[in-house]
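# Analysis of the macromolecular model
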2 protein chains.
Amino acid sequence: DDRFKIGEQKAKVCMTCHGVNGISSIESYPNLRGQKMAYLITSLKSYQTRERSGGLAVLMQQQADALSEQDISDIAYYYSKLGSEDAN
Amino acid sequence: DDRFKIGEQKAKVCMTCHGVNGISSIESYPNLRGQKMAYLITSLKSYQTRERSGGLAVLMQQQADALSEQDISDIAYYYSKLGSEDAN
């Protein structure tokens, strides 16, 4: 699945906090493995629009600001498939 | 695990959107199964403080407003253990 691989490349920067397999090692950072694609897209955009603010959100705002619409879609696709990529 | 059962009772209202087993059937609603407890607590509180606003966040604000600090902790505990409750 090419799109999975593209998303995986783009998600390298996410892995620092969210873990190499989408399970974060830091309690206050969410696991992303197998999360809903549409939810991930909405969340990333809400950091960009600052609809998510305060505390740790500020950290994510900086990350989200660096992403294009396509990046967000590819990364969200990758995480939504992570854990079931062999199934399809 | 009594705490798991208490959290499960309190999470009945969450199951409508987030699914009976913590896997939501609606693309824009997140799966909560096995999510990090501290992250769930931070998220619920950010709906209460309105640090999460706009779009679907408004729906969650209403839900979060009905929860006490203890409710939030119990529900977050439940979802963080969901899927691994037999392990401990």
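Coordinates for the structure precede this section.
To start, this report covers the structure provided alongside it. (Residues numbered from 1 in each chain as written. Chains lettered and ligands numbered in written order. Predicted model: local features only at pLDDT ≥ 70, side-chain atom pairs only at ≥ 80, totals over all residues. Heavy atoms only, no water.)

To continue, consider the interface of chain A and chain B. Contact with chain A, which involves 19 residues of that partner, is made by 20 residues of chain B. Each partner contributes to the roughly 1,600 Å² buried at the junction of chain A and chain B, and carbon and sulfur atoms together form 44% of this total. Put simply, chain A and chain B have zero salt bridges between them. At the junction of chain A and chain B, the tally comes to twelve residue pairs in polar contact (both at pLDDT 80 or more). For the side of chain A that touches chain B, the residue count by class is eight nonpolar, seven polar and four charged. (Contact = heavy atoms within 4.5 Å. Buried area = accessible area lost by both parts, 1.4 Å probe. Salt bridge = Lys/Arg side-chain N within 4 Å of Asp/Glu carboxyl O. Polar contact = N/O pair within 3.5 Å; in protein donor to acceptor, adjacent residues only side chain to side chain. Nonpolar A, V, L, I, M, F, W, Y, C, P; charged D, E, K, R; others polar.)

Before going further, it helps to examine the environment of Asp71 of chain A. Residues and elements named next belong to chain A. Inspection of the secondary structure assignment puts Asp71 in helix α5 (residues 69–81). Since its relative accessible area comes to 17%, Asp71 is described here as buried. For Asp71 and Ile41, which are 30 residues apart along the polypeptide, the C-alpha to C-alpha distance reads 9.9 Å. When neighbours within four sequence positions are excluded, Asp71 is seen to be in contact with Lys10 and Ala66. Polar side-chain contacts of Asp71 include one of 2.8 Å to the side chain of Lys10. (Helix = DSSP H or I, 4+ residues; strand = E, 2+ residues; numbered from the N terminus. Buried < 20%, exposed > 50% of the residue type's maximum accessible area, 1.4 Å probe, protein only.)

What connects the two chain copies is a rotation about an axis and a shift along it. With an RMSD of 0.0 Å, chain A superimposes on chain B once it is rotated by 180° and translated 0.0 Å along the axis. On this basis, the relationship between the two copies can be described by a two-fold rotation axis. For chain A, the smallest separation between a C-alpha atom and the rotation axis is recorded for Arg52 of chain A, amounting to 2.3 Å. Of the residues that chain A buries at the interface, 100% are likewise interface residues in chain B, meaning the two copies contact each other through the same surface. (Least-squares fit on C-alpha atoms with pLDDT ≥ 70 in both.)

To continue, consider the environment of Gln62 of chain B. All names here are of chain B. By the element assignment, Gln62 lies in helix α4 (residues 57–65). According to the relative accessible area criterion, Gln62 is exposed, its value standing at 51%. As a C-alpha pair, Gln62 and Tyr79 span 17 residues in sequence and 20 Å in three-dimensional space.

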